[in-house]
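The lines below spell out each chain.
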Amino acid sequence: MECQWKPDEQGLQQILQLLKESQSPDTSTQRSVQQKLEQLNQYPDFNNYLIFVLTKLKTEDEPTRSLSGLILKNNVKAHYQNFPNGVSDFIKNECLQNIGDSSPLIRATVGILITTIASKGELQNWPELLPKLCLLLDSEDYNTCEGAFGALQKICEDSAEILDSDMLDRPLNVMIPKFLQFFKHSSPKIRSHAIACVNQFIISRTQALMLHIDPFIENLFALAGDEEPEVRKNVCRALVMLLEVRLDRLLPHMHNIIEYMLQRTQDQDENVALEACEFWLTLAEQPVCKEVLCGHLPKLTPVLVNGMKYSEIDIILLKGDVEEDEAIPDNEQDIRPRFHRSRTVAQQHEGGDSIEDEEDDDDDLDDDETISDWNLRKCSAAALDVLANVFRDDLLLHILPLLKELLFHPEWLIKESGILVLGAIAEGCMQGMIPYLPELIPHLVQCLSDKKALVRSITCWTLSRYAHWVVSQPPDTYLKPLMTELLKRILDSNKRVQEAACSAFATLEEEACTELVPYLAYILDTLVFAFSKYQHKNLLILYDAIGTLADSVGHHLNKPEYIQMLMPPLIQKWNQLKDEDKDLFPLLECLSSVATALQSGFLPYCEPVYQRCVNLVQKTLAQAVLHQTQPEFYEAPDKDFMIVALDLLSGLAEGLGGNIEQLVARSNILTLMYQCMQDKMPEVRQSSFALLGDLTKACFQHVKPCIANFMPILGTNLNPELISVCNNATWAIGEISIQMGSEMQPYVPMVLQQLVEIINRPNTPKTLLENTAITIGRLGYVCPQEVAPMLQQFIRPWCTSLRNIRDNEEKDSAFRGICTMITVNPGGVVQDFIFFCDAVASWMNPKDDLREMFYKLIDCGRGWEPLIPGAYVALFLGGRVV
């Protein structure tokens, strides 16, 4: 029988030698160990040796035995389906025999091995596993009970879904009542395991747990004062999740739960305090928050504020005592991977800014990037932020007295936390803060030159949260002093401060826009100087600040002296970077904004930039083909290179307009674009459609021969599930219509039905609705006979979509289209004419001939025979264009 397997002594010694060597710090030894392990994997019973060392070889030291188990776990992960039956049975048997090993390390390793086998689909093929583990829970031997519980906890974490399915005959109906019995066990470790196991099933509202919800909650309350931190942590975690899924059961006890969580948020153990602090974040999302929490605000506010101080560990991790580190190169591991956000075409709105797809990230509370771990400080700040959004100015009653003390405190650590508090409440309490800002903003501007780097960096962030108010005041009062100090901080001798200042300045640029034009020379001077000063990580943030500046001031950047300052360092970096360097992403994004802003000013630089972008697209496509045909020899390419290149080409087309024509004529970009438009990856298609629209506007003579190939692809991409792809395809169709004129006729059936469906779809994002309305209008402008018959199906959502966007060329052509279609099919608008009047009233200054079209349709006594019954005329007289 296989279970009597015995190792060969020589083979065993060889493996033990390998295990010893693999603990060596030397990388070349590690590499040779890795190769030998791969060779040994050719032998079927190699895994028997590994389990033997883990479970039977008690003479060996524990780290070596555990390592043997972890190597076996990796083999299970990679090749379990190839293990011979005898081997897998031997391993399973040994695991169950040794789950109660006297060593906690070995027990934990066996538990990891069991859950890895279970997650390889083996829960179905190992029917005795769960009953056996549940049986072992009742063992008198502590090690056996703890080992079995450790394994069950891991299985519950890894296989929660399958445990609650019919595949296994619903074992949770037995397991959950069993776990609940152990909440009162004498061992804290066992109590902790028991809660952790049940916690896995709260969020999914597993029925077996919902049936026992009341005893579960009672048991949690009974453990509230447990002396073991791990137990308290799991109790807090359970209550936070129950808040989301079974608020009804907690409501009767809410007063006591809040009091309990207030204590736990101040727990001596930071892990417990962090779990408890999550409670306030979750509660803020519940509609009952205001009602149940308002009486507790006087106690809760100081607790959260107190949690926002840096802990001693934070300061050590952040090297808070190191003030000057600008000359120290960055550790490459600390630089987060950057993901490019593909270009999305959006309309300008009344009120100024263009609205990105509704997936935009807010400036989050991540003020200390390098401790990317979630900690009590960040959680407390996030909780205060969301509660400020719930309670608005009512929160200030409790915050202001604390703030006065904190912001002017002599101890830097306390003052720093006060500045973070001020930033955290900015969004929710803005109205109530306004009376204090004339005094606070100058104080914060002073804090920008504090001697502690951590104070300077948090001040940058907090000021950025009030940038909107600063920009709304006369520029000399606050904007100019703030900008002057922030620019100094961009050149700070501390890298964390440089980073915070660059990010804050980018926010200020977005808010201030053309207010910055008078200071452009001074701003560029600073940003360009930073190029020579910055280490790797901050250089990437600097690109963003320059790109945002270009977006904010637009064509005002197109002056020879500014171009002379800005372009040489950018082009120098561009020449230094290799095609496979990911630093190209932020640099290309930055150049895309700069090219769009400089317009003709970018001409001297455009040829090499254009050429390299085309090459990047070509290389990526070629690599993708190689990978597809011979995946074993060629890796899949990183398509972000192609996406960023397509977006920069769009920026060039938008900035250079007709000047790009010769570059397009001399390249194969249209062939490449045709391939990109059919790529499997949505972001590639999204960027290629943006480029198609921009090239259509810039040099249609080169696009026109390909329209018969492009239009069917655009039609199949009108799928609103992929918002951004659909949005850009829609926009491109509109641009093509304007250029094609009546020749668009054969293509209308390919797209019209989908566009009408999108505009009538509930919950469609604003950007997509606006672009769809404009494209339908443009199609109707060039092919009224084809589109007008459907007027009644889209007129109402069409009008409501376009009533808030600014006067511009796109809006102009869309409204000409709708007027033409109404002329062809007046019956299609009669029922919704009031909506049409409302949309027309959104115009500030329509061109004269468009105004005439409006008059013609809305009878204002000009003597024309009105095409529409005149009942609505009076309603329209309040509109602006009449």
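Student: Please set out the overall build of the protein chain residue by residue, giving values where relevant.
Tutor: Summing up its helical and strand segments, the protein chain has 49 helices and zero strands in all. Dimensions along the principal axes, computed over C-alpha positions, put the protein chain at roughly 100 × 70 × 60 Å. Expressed as a percentage of its 882 residues, the buried residues of the protein chain come to 57%. A sequence separation of at least 24 residues applies to 75% of the contacts in the protein chain between residues at least 6 apart. About 38,200 Å² of surface is accessible on the protein chain, with carbon and sulfur atoms providing 51% of the total. For the protein chain, the distance from the average position of its 75 positive side-chain charges to the average position of its 121 negative side-chain charges is 1 Å.

Student: Hey, could you go over the pattern of salt bridges for me, with residue numbers and the actual values?
Tutor: For the structure shown, the criterion picks out 45 salt bridges. A salt bridge links Glu21 to Lys36, with the nearest nitrogen and oxygen atoms 3.9 Å apart. Placement of the pair is Glu21 in helix α1 (residues 9-21) and Lys36 in helix α2 (residues 27-40), with a sequence separation of 15 residues. In this structure Glu21 comes out as partly exposed when scored by relative accessible area, which is 21%. We classify Lys36 as partly exposed; its relative accessible area is 36%. With its nearest N and O atoms 3.5 Å apart, the salt bridge here joins Lys537 to Glu499. Here Lys537, found in helix α31 (residues 536-553), pairs with Glu499, found in helix α29 (residues 495-512); they are 38 residues apart in sequence, far enough to count as distant. Exposure remark for Lys537: the relative accessible area of 16% places this residue in the buried category.

Student: Lay out the packing of aromatic side chains with the relevant residues and their values.
Tutor: A complete count under the given rule lists 15 aromatic pairs for this structure. Each ring, one from Phe602 and one from Tyr605, has its centre 6.0 Å from the other, and the planes form 50°; the classification is tilted. Each member of the pair, Phe602 as well as Tyr605, carries the same accessibility label: buried. For the cation-ring pair, Arg377 lies above Tyr310, with the distance from its terminal atom to the ring centre recorded as 3.6 Å. Over the aromatic face of Trp843 sits the side chain of Lys811, whose NZ or CZ is 4.8 Å from the ring centroid.

Student: How would you explain the packing of helix α17 (residues 270-284) against helix α21 (residues 376-391) if you had to name every residue and give the values?
Tutor: One can describe the packing of α17 onto α21 by two numbers: an axis separation of 9 Å at closest approach and a directional angle of 20°. By the criterion of interaxial angle, the relationship of α17 to α21 is roughly parallel. Helix-helix and strand crossings are classified by hand; for α17 and α21 the assignment is left-handed. Mapping the contact onto sequence places Glu270, Ala273, Leu274, Cys277, Glu278, Trp280, Leu281 and Ala284 in α17 and Leu376, Cys379, Ser380, Ala382, Ala383, Val386, Leu387 and Val390 in α21.

Student: Summarise the environment of Gly320; cite the residues concerned and give the values.
Tutor: Take Gly320: it is sitting in the loop between α20 (312-317) and α21. Look at Gly320 and you get buried, because its relative accessible area is 5%. In contact with Gly320, other than residues within four places in its own chain, are Ile315, Lys452 and Leu454.

Student: Any chance you could break down the state of the cysteines for me, citing the residues and the numbers?
Tutor: In the structure shown here, the tally under the stated rule is zero disulfides. No disulfide involves Cys156; its sulfur sits 4.3 Å from the nearest other cysteine sulfur, which is in Cys197. For Cys156, a relative accessible area of 0% puts it in the buried group. As a non-bridged cysteine, Cys783 has Cys819 as the owner of its nearest cysteine sulfur, 17 Å distant.

Reading guide: rules and limits
Residues numbered from 1 in each chain as written. Predicted model: local features only at pLDDT ≥ 70, side-chain atom pairs only at ≥ 80, totals over all residues. Heavy atoms only, no water. Helix = DSSP H or I, 4+ residues; strand = E, 2+ residues; numbered from the N terminus. Buried < 20%, exposed > 50% of the residue type's maximum accessible area, 1.4 Å probe, protein only. Contact = heavy atoms within 4.5 Å. Areas by Shrake-Rupley, 256 points an atom, 1.4 Å probe, with all protein chains shown as cover. Lys, Arg positive; Asp, Glu negative; His and termini not counted. Charge placed at Lys NZ, Arg CZ, Asp CG, Glu CD. Salt bridge = Lys/Arg side-chain N within 4 Å of Asp/Glu carboxyl O. Phe/Tyr/Trp six-rings, centres within 6.5 Å; stacked < 30°, edge-to-face > 60°. Lys NZ or Arg CZ within 6 Å of the ring centre and 35° of its normal. Axes fitted to C-alpha atoms, helices over the stretch in contact; angles between N-to-C directions. Parallel < 35°, antiparallel > 145°, perpendicular 65-115°, else oblique. Left-handed = near helix turned anticlockwise from the far one by under 90°. Disulfide = S-S within 2.5 Å.

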